[in-house]
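Chain and residue survey
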Amino acid sequence: MKSSDDSILENSSKNSDTLPEKGKKLEGKGTLFIISGPSGVGKGTLCKSIMDIGNISISVSCTTRSPREGEVDGVDYRFISVDEFNKKLDQSLFLEHALVHGDMYGTLRGEIDMVLESGDDMILEIDVQGAFQVKRMMDCVSVFVLPPSIEALEERIHKRNADSEEKIELRMRNAQYEISRAGEFDFSIVNDLLDNAVLDLKKIIIDNRNLSRRV
Ligand code: 5GP
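All of these numbers come straight from a predicted model, not from anything done at the bench.

With that out of the way, let us pick up the packing of aromatic side chains. In total, this model carries 5 aromatic pairs according to the counting rule given. Ring centres of F85 and F94 lie 4.5 Å apart, and the angle between their planes is 25°; this geometry places the pair in the stacked category. Connected via pairs of aromatic rings, a cluster forms that spans Y77, F79 and Y105. Sitting above the plane of the F185 ring, K135 keeps its charged end 5.7 Å from the centroid.

Right, here's the structure in full:
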């Protein structure tokens, strides 16, 4: 497992110069990036913050959990019933799926292939169970996002004010397990200062582009 350091951050801005013009198509097939890490670590914000590198999409997962305040169906998640979820499962529409903190989550297969074939990269922001399913099936680059500390993670989950005490306890128990598997990912990033974590993730994606295809 590699982790970020100062030289990575320095190189990140240099490598940005070699990126093609925004919106211009990259050659070859895109890369699938798995971004995993405990709930509340800030994966969503981190992924949204790197979108300005262009030629990259974030997969919109299906979930049976209820929308939180401000979440939009089809943007944050596809919010579906357990029956609908099971129907999609029966039709083998999911690339991966998992029961996470008591709700079902799954990545639809079709959209992924379409984006990768077009030459763009794709991000899956999924839990570790889903990450390991995908890693077994497909070529991908996996990144684990760590909190600066367990205490900081708990504070963030509380501040989000989106879950009951019972759910927070469950999310924290699951976080310990997820963090114990961080070493099985290709890269790890500590999300202490968002700006640094954004540079780290951009660097991983840009380096992969420079290595795997001519831009
Ligand atoms: P939340 O309910 O906080 O949005 O997400 C809970 C957890 O489910 C997070 O760790 C998130 O990364 C994960 N998750 C979101 N979408 C998917 C998915 O499609 N598949 C899997 N396996 N996990 C997902």
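Back to the text.
Around the ligand sit 19 residues, and of these S61, R65, Y77, Y105 and D127 come closest. Here a nitrogen atom of the ligand and a side-chain polar atom of E96 are 2.7 Å apart. Across the complex, the protein chains shield 96% of the 510 Å² of accessible surface that the ligand would expose by itself. Here the shell around the ligand is composed, by residue class, of 5 nonpolar, 7 polar and 7 charged.

A few words on the pattern of salt bridges. Taken as a whole and assessed by the stated rule, the structure comprises 10 salt bridges. A salt bridge links R65 to E71, with the nearest nitrogen and oxygen atoms 2.8 Å apart. Overall, the relative accessible area of 7% leaves R65 in the buried class. Of the charged contacts, one joins D103 and K167 as a salt bridge, the two residues approaching to 3.3 Å between their closest N and O atoms. Here D103 is found in strand β7 (residues 103–108), whereas its partner K167 is found in helix α7 (residues 165–180), with 64 residues between them in sequence. Of the residues examined, D103 reaches a relative accessible area of 17% and is grouped as buried. You can call K167 partly exposed: its relative accessible area is 23%. Bridged by salt links that share partners, the residues R65, R68 and E71 form one connected network.

Definitions and cut-offs
- Residues numbered from 1 in each chain as written.
- Predicted model: local features only at pLDDT ≥ 70, side-chain atom pairs only at ≥ 80, totals over all residues.
- Heavy atoms only, no water.
- Phe/Tyr/Trp six-rings, centres within 6.5 Å; stacked < 30°, edge-to-face > 60°.
- Lys NZ or Arg CZ within 6 Å of the ring centre and 35° of its normal.
- Near = heavy atom within 4 Å.
- Polar contact = N/O pair within 3.5 Å; in protein donor to acceptor, adjacent residues only side chain to side chain.
- Areas by Shrake-Rupley, 256 points an atom, 1.4 Å probe, with all protein chains shown as cover.
- Nonpolar A, V, L, I, M, F, W, Y, C, P; charged D, E, K, R; others polar.
- Salt bridge = Lys/Arg side-chain N within 4 Å of Asp/Glu carboxyl O.
- Buried < 20%, exposed > 50% of the residue type's maximum accessible area, 1.4 Å probe, protein only.
- Helix = DSSP H or I, 4+ residues; strand = E, 2+ residues; numbered from the N terminus.

These values are about where atoms sit, not about what they do.
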